[in-house]
Amino acid sequence: MFKEGLLKGKRILVTGGGTGLGKEMSRYFLKYGAEVLICGRRESVLEETAKELMEENGGKVKCYGLDIRGAQDVDETIEEIFLEGPLDGLVNNAAGNFISRTQDLSHRGFDAIAGIVFHGTFYVTHSVGKRWIELGRGGSIVSILATWVWTGSAFTVPSAMSKSGIHAMTKSLATEWGHTGIRLNAIAPGPFPTEGAWARLSPNQDPNDASDQGVYSQNPMGRVGKMEELGNLATFLMSDGCDYLTGQTIALDGGEYLTGGTFYKALSSLKDEDWDAIKSTIKATNEKDKAKRTA
Ligand code: HXC
């Protein structure tokens, strides 16, 4: 879709770039010639992804072990990155989420999600943005949100609240930093099957089974999203072709959110025992991930 080398010479950092949507967007940036930097909590996962993407596309992918919940760790990593050379793009992709009835959430459960999505995303944006301003150069920031920034979302309230905050950050900084050449936009993807999200948002569904679209079968296009569709939009937002575009959150969901309340409709009839089973499945996923982090 784009000319070869569209992103040549650009250095782009993708938070949570080791898996899921972050990995897929990284694949496209690399394919179009960017140097890609990925950070995440599990270094072994990052290394595996870097190897896979470089074998597929050539080019350079660098890894940084980082939990974006720590403001100081974030600033030290961004400092290290800028000492090697300034960034041109940042994708705020790292996120945490799980479905739960809100009355069942503990404070720590809320904090786990707000810490990553709300606080962590700000820490990275602030750390990169202030360096761009000091250096007198612009850059493109793309945050990965969800359509519930417009609708709210039952059963994922900490994520809906946190992502709405980043939606507000996108609009606010687009105006505050517009004169510096820094652009901020966001993508609100609808259902794009990834193992991490599916295990926590649709734990009874198989992300690899295209026929098992469950709650997503109500999508006006009758399907989930294709990674190339996300990759192309992210690549466009990282390129130089439309610098006047800033402060926008773009839904990429086949029109799904306009139909209203998919999660609510699907989950509001669940019983106590269903929620217990969902919680156990999500916890098992979290434990498996944690074991990989400490391995
Ligand atoms: C209730 C739960 C829970 C559940 C965890 N908790 N899962 N509470 N129901 N299903 C509670 C725990 O009991 C604990 O509180 C607290 O949350 C912290 O849990 P930890 O596992 O210790 O936290 P941590 O290891 O930091 O894990 C963070 C996480 C986890 C967010 C909870 O899910 C994670 O690491 N996720 C990363 C990947 C991910 O979530 N991907 C999906 C993103 S999808 P107590 O009080 O018991 O100590 C997305 C948008 C998708 O963001 C949009 C689609 C349309």
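K.L.:
Looking at this structure, how should I read the packing of helix α4 (residues 107–135) against helix α6 (residues 157–176)?
P.N.:
How two helices sit against one another is set out by the angle between their axes and by the gap between those axes. Closest axis-to-axis distance for the α4/α6 pair is 8 Å, and the angle between their directions is 15°. Between α4 and α6, the crossing angle belongs to the class labelled roughly parallel. Seen from above, α4 lies across α6 with right-handed handedness. Here Phe-110, Ile-113, Ala-114, Val-117, Phe-118, Thr-121, Phe-122 and Thr-125 of α4 come into contact with α6, specifically with Pro-158, Ser-159, Met-161, Ser-162, Lys-163, Gly-165, Ile-166, Met-169 and Leu-173. Classifying every residue of the contact of α4 with α6 gives 11 nonpolar, five polar and one charged.

K.L.:
Would you explain empty space enclosed by the protein in this entry?
P.N.:
Rolling a probe over the atoms, with the probe sized like a water molecule, indicates the empty space that remains. In this structure the tally under the stated criterion is one cavity of 30 Å³ or more. Forming the boundary of the largest cavity are Asn-92, Asn-93, Ala-94, Ala-95, Val-117, Thr-121, Ser-143, Ile-144, Leu-145, Lys-163 and Ile-166. At the level of secondary structure, the elements contributing two or more residues to the lining of the largest cavity comprise α4, β5 (139–144) and α6.

K.L.:
What is the right way to read the sheet that holds strand β3 (residues 61–65) from this model?
P.N.:
Backbone hydrogen bonds are what pair the strands of a sheet, in a parallel or an antiparallel way. The seven strands lie next to each other as β3-β2-β1-β4-β5-β6-β7, forming an open sheet whose pairing is parallel. Every other strand in the sheet has two partners, leaving β3 and β7 (249–252) as the edge strands with one partner each. Within the sheet, the average angular offset between the axes of one strand and its neighbour, ignoring direction, is 20°. When strand β4 (residues 89–92) meets β5, the two strands line up parallel, connected through four bridges. Bridge pairing in β5 links Asn-92 to Ser-143. Its contacts with the sheet put helix α2 (residues 43–57) on β2 (35–40) and β3, and the angle it makes with β3 is roughly 175°.

K.L.:
What is the right way to read the environment of Met-227 from this model?
P.N.:
Following the sequence through the fold, Met-227 ends up in helix α8 (residues 227–238). Sequence-distant contacts of Met-227, that is, excluding residues within four places in its chain, are made with Leu-21, Glu-24, Tyr-28, Phe-192, Pro-193 and Thr-194.

K.L.:
How do you make sense of the nonpolar core when you look at a structure like this?
P.N.:
Buried together is how nonpolar side chains tend to be arranged in soluble globular proteins. Residues Leu-13, Ile-78, Ile-81, Leu-87, Ile-99, Val-124 and Val-128 are the most contacted members of the largest nonpolar core, which totals 41 residues. Elements supplying a minimum of two residues to this core: β2, α3 (71–84), α4, α5 (148–151), α6, β6 (182–189), α9 (262–267) and α10 (272–294). At six residues, the largest contribution of residues to this core is made by α4. Setting aside residues no more than four positions away along its own chain, Ile-81 makes contact with Arg-11, Leu-13, Leu-37, Tyr-64 and Leu-87. Counting residues in each nonpolar core, the second largest holds 27 residues, with Phe-2, Met-25, Ile-38 and Leu-233 among its members.

K.L.:
Can you walk me through the packing of α3 against α4 in this structure?
P.N.:
Close contact between α3 and α4 brings their axes to 9 Å; oriented N to C, the two are set at 40°. In terms of axis orientation, α3 runs oblique to α4. The two elements α3 and α4 cross, and the hand of that crossing is right-handed. Of α4, the residues touching α3 (which contributes Ala-71, Val-74, Asp-75, Ile-78, Glu-79 and Phe-82) are Tyr-123, Val-124, Ser-127, Val-128, Lys-130, Arg-131, Trp-132 and Leu-135. Here the contact of α3 with α4 is composed, by residue class, of nine nonpolar, one polar and four charged.

K.L.:
What is the right way to look at the site of the ligand in this model?
P.N.:
The local shell around the ligand holds 23 residues, among which Arg-41, Arg-69, Ser-106, Arg-108 and Arg-200 are the closest. The contact in question runs from an oxygen atom of the ligand to an N or O atom on the backbone of Asn-97, over 2.9 Å. One of the side-chain N or O atoms of Ser-106 is found 2.6 Å from an oxygen atom in the ligand. For the ligand, whose unbound accessible area comes to 1100 Å², protein coverage reaches 82%. Counting only elements with at least two residues in the shell around the ligand, the list comes to α4, α7 (195–201) and α10. The greatest single-element share of the shell around the ligand, amounting to six residues, is contributed by α10. By residue class, the composition of the shell around the ligand is seven nonpolar, seven polar and nine charged.

Scoring rules and cut-offs
- Residues numbered from 1 in each chain as written.
- Predicted model: local features only at pLDDT ≥ 70, side-chain atom pairs only at ≥ 80, totals over all residues.
- Heavy atoms only, no water.
- Axes fitted to C-alpha atoms, helices over the stretch in contact; angles between N-to-C directions.
- Helix = DSSP H or I, 4+ residues; strand = E, 2+ residues; numbered from the N terminus.
- Parallel < 35°, antiparallel > 145°, perpendicular 65-115°, else oblique.
- Left-handed = near helix turned anticlockwise from the far one by under 90°.
- Contact = heavy atoms within 4.5 Å.
- Nonpolar A, V, L, I, M, F, W, Y, C, P; charged D, E, K, R; others polar.
- 1 Å grid on protein atoms, 1.4 Å probe; cavity = no way out; pocket = protein on both sides within 12 Å on 5 of 7 lines; lining within 4 Å.
- Points joined across faces, edges and corners; volume = space filled by probe spheres on them.
- Pairing = 2+ DSSP bridges.
- Core = buried A, V, L, I, M, F, W, Y, C linked by side-chain atoms within 4.5 Å.
- Buried < 20%, exposed > 50% of the residue type's maximum accessible area, 1.4 Å probe, protein only.
- Near = heavy atom within 4 Å.
- Polar contact = N/O pair within 3.5 Å; in protein donor to acceptor, adjacent residues only side chain to side chain.
- Areas by Shrake-Rupley, 256 points an atom, 1.4 Å probe, with all protein chains shown as cover.

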